[in-house]
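Letter by letter, the chains look like this.
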Amino acid sequence: ILQEAYSIIMKEAARSLPKMKLEIVFKGEEGLDYGGPSREFFFLLSREVFNPYYGLFEYSANDTYTLQISPMSSMVDGALDWFRFCGRVIALALIHQRLLDAFFTRPF
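Structural notes, computed from the coordinates. Small disclaimer: the values here were computed from a predicted structure and weren't measured.

### A look at the environment of valine 25
Right, so step 1: Position of valine 25 among the secondary structure elements: in the loop between α1 (2–11) and α2 (36–49).
Right, so step 2: By relative accessible area, valine 25 is classed as exposed at 63%.
Right, so step 3: Sequence separation between valine 25 and proline 37 is 12 residues, and the spatial gap between their C-alpha atoms is 7.0 Å.

### Side note on the sheet that holds strand β2 (residues 66–69)
Right, so step 1: With mixed pairing, 3 strands are arranged side by side in an open sheet as β1-β2-β3. Every interior strand has two partners, whereas the edge strands, β1 (57–59) and β3 (103–104), have only one.
Right, so step 2: Taken together, the 2 bridges between β2 and β3 define a ladder with parallel strand orientation. Of the residues in β3, the one forming a bridge with threonine 66 is phenylalanine 103.

### Notes on the packing of α2 against helix α3 (residues 79–95)
Right, so step 1: Look at α2 against α3: their axes get within 11 Å of each other, and the N-to-C directions meet at 155 degrees. As far as their axial angle goes, α3 and α2 are roughly antiparallel. Our pair here, α2 against α3, has a crossing hand that is left-handed. For the pair α2 and α3, contact is made by Phe42, Leu45 and Val49 and by Phe85, Cys86, Val89, Leu92 and Ala93, respectively.
Right, so step 2: When its residues are assigned to classes, the contact of α2 with α3 shows 8 nonpolar, no polar and no charged.

Cut-offs and rules
Residues numbered from 1 in each chain as written. Predicted model: local features only at pLDDT ≥ 70, side-chain atom pairs only at ≥ 80, totals over all residues. Heavy atoms only, no water. Helix = DSSP H or I, 4+ residues; strand = E, 2+ residues; numbered from the N terminus. Buried < 20%, exposed > 50% of the residue type's maximum accessible area, 1.4 Å probe, protein only. Pairing = 2+ DSSP bridges. Axes fitted to C-alpha atoms, helices over the stretch in contact; angles between N-to-C directions. Parallel < 35°, antiparallel > 145°, perpendicular 65-115°, else oblique. Left-handed = near helix turned anticlockwise from the far one by under 90°. Contact = heavy atoms within 4.5 Å. Nonpolar A, V, L, I, M, F, W, Y, C, P; charged D, E, K, R; others polar.

Printed below as a string of structure tokens:
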């Protein structure tokens, strides 16, 4: 889901994102998106993209729930593009009023 979402979202111009109609269809599943598939999409995507395993983010020193940008993120190939993608995911979630499965530190 991460790679496919990356390629679709990043090929769109930033100015067109607020006007973008969100149509989520999972492979092998039929049905109309009345909110359920898009909620699941943002949940699954946020679990992947904000996962500390990929090196862009890390858990804060205070707990294991809040995330912050990892100092080692500069070592990740294409880190700036991935951060741009993260910003677009957050923006799309706000525009379409969907929740993400990620909690950030206050300075974020």
